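# Architecture and fold: a report
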Amino acid sequence: MENVQLVSLACVIPLLVFDLVWEHYFVLALPMLITAIRPWHGDSNRNWGSLVLHRILPAITLLCLMATPTRPYFDMNTVDYYAMVNRFAIWTLFALGLWQLRFKRV
């Protein structure tokens, strides 16, 4: 599973470093999103931190990657809005991926 995690992180890195990222490039974020959402086995320690990291942050990231449903709630320029939410989603996925690599799954 660590190989899948590394490949998923490698797919997200171009989205972080390129100056120009077209909307269809965000398909590269899907492997990391699927990796972040997958269930953790043997997690007897179910606390709020675990819930936030395993379920809530990936769900917020998915909403940010879709961006259009949340657009009416923000009074921003359209270009700035999409750049902000997509950048937040990619950095969150990257951080989640690094955090999950640190801890081994059973």
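Up top is the structure.
Each chain has its residues counted from 1, running along the sequence as written. Under the rules for a predicted model, residues below a pLDDT of 70 receive no local features and side-chain atom pairs below 80 are neither given nor counted, while totals for whole chains, interfaces and linings still include all residues. The side-chain quantities take in all heavy atoms of the structure and omit both hydrogens and water.

Residues spaced three or four apart along an α-helix face the same direction, because each turn holds 3.6 residues. Of all the positions in helix α2 (residues 30-37), only M32, L33, T35 and A36 are classed as buried. Seen from one end, α2 has its buried residues packed into an arc of 165°, which puts them on one side. Contacts were defined at the residue level, with two residues in contact if any of their heavy atoms lie within 4.5 Å. Numbering of helices and strands runs from the N terminus; a helix is a DSSP stretch of H or I covering at least four residues, while a strand is a stretch of E covering at least two. Taken together, the buried residues of α2 touch α1 (2-17), α3 (48-66) and α4 (78-102). Working definition: with a 1.4 Å probe on protein chains only, accessible area under 20% of the residue-type maximum means buried, over 50% means exposed, and in between means partly exposed. What the arc covers is the set of directions going from the helix axis to the C-beta atoms.

The next subject is the packing of aromatic side chains. Stacked, edge-to-face and tilted labels apply to pairs of Phe, Tyr and Trp rings (six-membered ring for Trp) whose centres lie within 6.5 Å, assigned for plane angles under 30 degrees, over 60, and everything in between, in that order. Per the counting criterion, the structure on display carries 2 aromatic pairs. Relative to Y82, the ring of Y81 has its centre 5.4 Å away and its plane inclined at 65°; by these criteria the two rings are edge-to-face. Overall, Y82 belongs to the partly exposed group, its relative accessible area being 23%. Measuring from ring centre to ring centre gives 6.2 Å for W91 and F94, while their planes differ by 85°; the resulting arrangement is edge-to-face. With W91 and F94 both in helix α4 and 3 residues apart, this pair spans about one turn of that helix.

Quick look at α1 now. If you check α1, its first and last C-alpha atoms are 23 Å apart, about what 16 residues at 1.5 Å a residue would give, namely 22 Å. Within α1, burial applies to Q5, S8, L9, C11, V12, L15 and L16. Those residues of α1 that are buried lie in contact with α2 and α4. In a helix, the anticipated span is given by 1.5 Å times the number of residues less one.

This part takes up the packing of α2 against α3. Axis separation between α2 and α3 bottoms out at 9 Å; the angle between their running directions is 155°. One finds that α2 runs roughly antiparallel with respect to α3. Relative to α3, the crossing made by α2 is left-handed. Residue-level contacts link L33, A36 and I37 of α2 to H54, R55, P58, T61, L62 and L65 of α3. Throughout, the ten residues Ala, Val, Leu, Ile, Met, Phe, Trp, Tyr, Cys and Pro are labelled nonpolar, Asp, Glu, Lys and Arg are labelled charged, and all others, Gly among them, are labelled polar. Here the contact of α2 with α3 is composed, by residue class, of 6 nonpolar, 2 polar and 1 charged. Comment: axis = line fitted to C-alpha atoms, over the contacting stretch for helices; angle = value between 0 and 180 degrees taken between N-to-C directions. Put simply, angles under 35 degrees are roughly parallel, angles over 145 are roughly antiparallel, angles from 65 to 115 are roughly perpendicular, and the rest are oblique. Whether a crossing is left-handed or right-handed is set by the direction in which the near helix is turned from the far one by less than a right angle, anticlockwise for left-handed and clockwise for right-handed.

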